[in-house]
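# A closer look at the structure
Listed below are the residues making up each chain.
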Amino acid sequence: MLFDWDYTLEILPALLRAAVVTIEATLLGFVLAATLGLAFALLRMSSNRAISTVTTGLVEFIRSTPLLIQIFFLFFVFPQFGISLSAFTAGVIALGLHYGTYCSEVYRAGLEGVPRGQWEASIALNLSPYRTLRDVIIPQAIPPVVPALGNYLVALFKETPLLSAIAVLELMQTAKNLGSESFRYTEPITLVGLFFLVMSLVSAGLIRIVERRLAGIGRR
């Protein structure tokens, strides 16, 4: 048979467990990317020329090298310096660091889009730089960039199969293992494609909900 439904039901539990690993890697990687992205953006906008230049160089270097190489570097090269990471941890850090550089550009556009008068008003009110960013600038900069950040969340989901290169048992690695055991690849690969489609659509829907809520708050 081209498609064996009995075999599909048999492998479904294993793929569901692997889907949990994929979701965990994606969400942890995205949280790290969103946090690092904001930090990179703020450092690039620093008035200290040295900090701004070093951060810009680091961001461009990470953006200009393949994610797979970064995964290999963290997992295989770091132990040479006494830093041993589990496959899952190395994968999450690589995903977060790589996408953090892209998120930084999104944040920077949002921060630069805040009217200059907001900064000047904060100075006139004698607010500290920290309070200015926390209470005035960042709340205005984040809502417009939510759609772009959501795109990176969906993209990050689709990058998790790269973690199979270091034997993380996410969806793709599990599907390959199942296929090598049974010599049937149609069912596991088809299910993996459907899982990614569903997860991407759910992520996109959640991002739209967040976007609408933030827009509603902004109107009030």
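What you see is a predicted model; the values in this text were computed from it and never measured.

## Some points on the packing of aromatic side chains
Tallied over the full model, the rule gives 6 aromatic pairs. Aromatic side chains phenylalanine 75 and phenylalanine 76 sit 4.9 Å apart centroid to centroid with 75° between the ring planes, which places their arrangement in the edge-to-face category. Accessibility expressed as a relative area gives 21% for phenylalanine 75, which makes it partly exposed. Taken together through their ring pairs, the aromatic side chains of Phe72, Phe75 and Phe76 make up a single cluster.

## Some details on the packing of helix H1 (residues 5-44) against helix H7 (residues 171-182)
Angle between the axes and distance between the axes: these two values describe a pair of packed helices. Between H1 and H7, the shortest axis-to-axis distance is 8 Å and the interhelical angle comes to 150°. Judged on the interaxial angle alone, H7 and H1 are roughly antiparallel. When you trace H1 past H7, the crossing you get is right-handed. Residue-level contacts link Tyr7, Ile11, Ala14, Leu15, Ala18, Ala19 and Thr22 of H1 to Leu171, Thr174, Ala175, Leu178 and Ser182 of H7. Grouping the constituent residues of the contact of H1 with H7 by class yields 9 nonpolar, 3 polar and no charged.

## Remarks on the confidence of the model for the protein chain
The predicted model of the protein chain averages 89 in pLDDT, with 97% of residues at 70 or higher. Between the elements of the protein chain, mean pLDDT differs from a low of 82, seen in helix H5 (residues 116-124), to a high of 94, seen in helix H3 (residues 67-77).

## Quick word on a nonpolar patch on the surface
Taken together, the side chains of Val198, Val202, Leu206 and Ile209 present a nonpolar region at the surface, about 340 Å² in accessible area. Note on placement: valine 202 falls in helix H8 (residues 186-219).

## Quick notes on the pattern of salt bridges
Taken as a whole, this structure holds 7 salt bridges when the rule is applied. Close ionic contact of glutamate 112 with arginine 108 constitutes a salt bridge, the shortest N to O distance being 3.6 Å. With glutamate 112 and arginine 108 both in helix H4 (residues 87-112) and 4 residues apart, this pair spans about one turn of that helix. By relative accessible area, which is 22% here, arginine 108 ends up partly exposed. In this structure, a network of salt bridges that share partners links the residues Arg44, Glu105, Arg108 and Glu112.

## Concerning the environment of aspartate 135
Within the fold, aspartate 135 resides in helix H6 (residues 129-159). By relative accessible area, which is 37% here, aspartate 135 ends up partly exposed. C-alpha of aspartate 135 to C-alpha of serine 122: the two residues are 13 residues apart in sequence and 9.7 Å apart in space. Here arginine 134 takes part through its side chain, which lies 2.8 Å from a polar atom of the side chain of aspartate 135.

## Quick notes on the nonpolar core
Counting residues in each nonpolar core, the largest one holds 32 residues, and the members touching the most others are Leu67, Ile71, Tyr107, Leu111, Leu149, Leu163 and Ile166. Counting residues per element, the ones that place at least two in this core are H1, H3, H4 and H6. Ranked by residues supplied to this core, first place goes to H4 with 10 residues. Setting aside residues no more than four positions away along its own chain, leucine 111 makes contact with Ala41, Leu42, Met45, Ile137, Ile138 and Ala141. In terms of nonpolar packing, the next biggest core, distinct from the first, is built from 15 residues, Tyr7, Ile11, Ala18 and Leu191 among them.

## Notes on H1
The largest bend in H1 comes to about 40°, at leucine 12, with the proline proline 13 one to four residues further on. Put simply, aspartate 4 is the residue that caps the front of H1, since its side-chain oxygen is 3.0 Å from the backbone nitrogen of aspartate 6.

## Digging into the side chain of threonine 101
Along the chain, threonine 101 falls in helix H4. Within the structure, the side chain of threonine 101 is placed 2.6 Å from the backbone oxygen of histidine 98, a separation counted as a polar contact. Residues within four places of threonine 101 in sequence aside, it is in contact with Phe40, Val59, Ile62 and Arg63.

## Brief notes about the packing of helix H2 (residues 49-63) against H4
Closest axis-to-axis distance for the H2/H4 pair is 9 Å, and the angle between their directions is 120°. Classified by the interaxial angle, the pair formed by H2 and H4 is oblique. By crossing handedness, the relation of H2 to H4 is classed as left-handed. Here Val59, Ile62 and Arg63 of H2 come into contact with H4, specifically with Leu97, His98, Thr101, Tyr102, Ser104 and Glu105. Of the residues that constitute the contact of H2 with H4, the class distribution is 4 nonpolar, 3 polar and 2 charged.

Cut-off values and rules
Residues numbered from 1 in each chain as written. Predicted model: local features only at pLDDT ≥ 70, side-chain atom pairs only at ≥ 80, totals over all residues. Heavy atoms only, no water. Phe/Tyr/Trp six-rings, centres within 6.5 Å; stacked < 30°, edge-to-face > 60°. Buried < 20%, exposed > 50% of the residue type's maximum accessible area, 1.4 Å probe, protein only. Axes fitted to C-alpha atoms, helices over the stretch in contact; angles between N-to-C directions. Helix = DSSP H or I, 4+ residues; strand = E, 2+ residues; numbered from the N terminus. Parallel < 35°, antiparallel > 145°, perpendicular 65-115°, else oblique. Left-handed = near helix turned anticlockwise from the far one by under 90°. Contact = heavy atoms within 4.5 Å. Nonpolar A, V, L, I, M, F, W, Y, C, P; charged D, E, K, R; others polar. pLDDT = per-residue confidence, 0-100. Patch = residues over 30% accessible without salt bridge, like charges linked within 9 Å, V, L, I, M, F, W, Y side chains within 5 Å. Areas by Shrake-Rupley, 256 points an atom, 1.4 Å probe, with all protein chains shown as cover. Salt bridge = Lys/Arg side-chain N within 4 Å of Asp/Glu carboxyl O. Polar contact = N/O pair within 3.5 Å; in protein donor to acceptor, adjacent residues only side chain to side chain. Core = buried A, V, L, I, M, F, W, Y, C linked by side-chain atoms within 4.5 Å. Bend = angle between axes of the 7 residues up to and from the residue.

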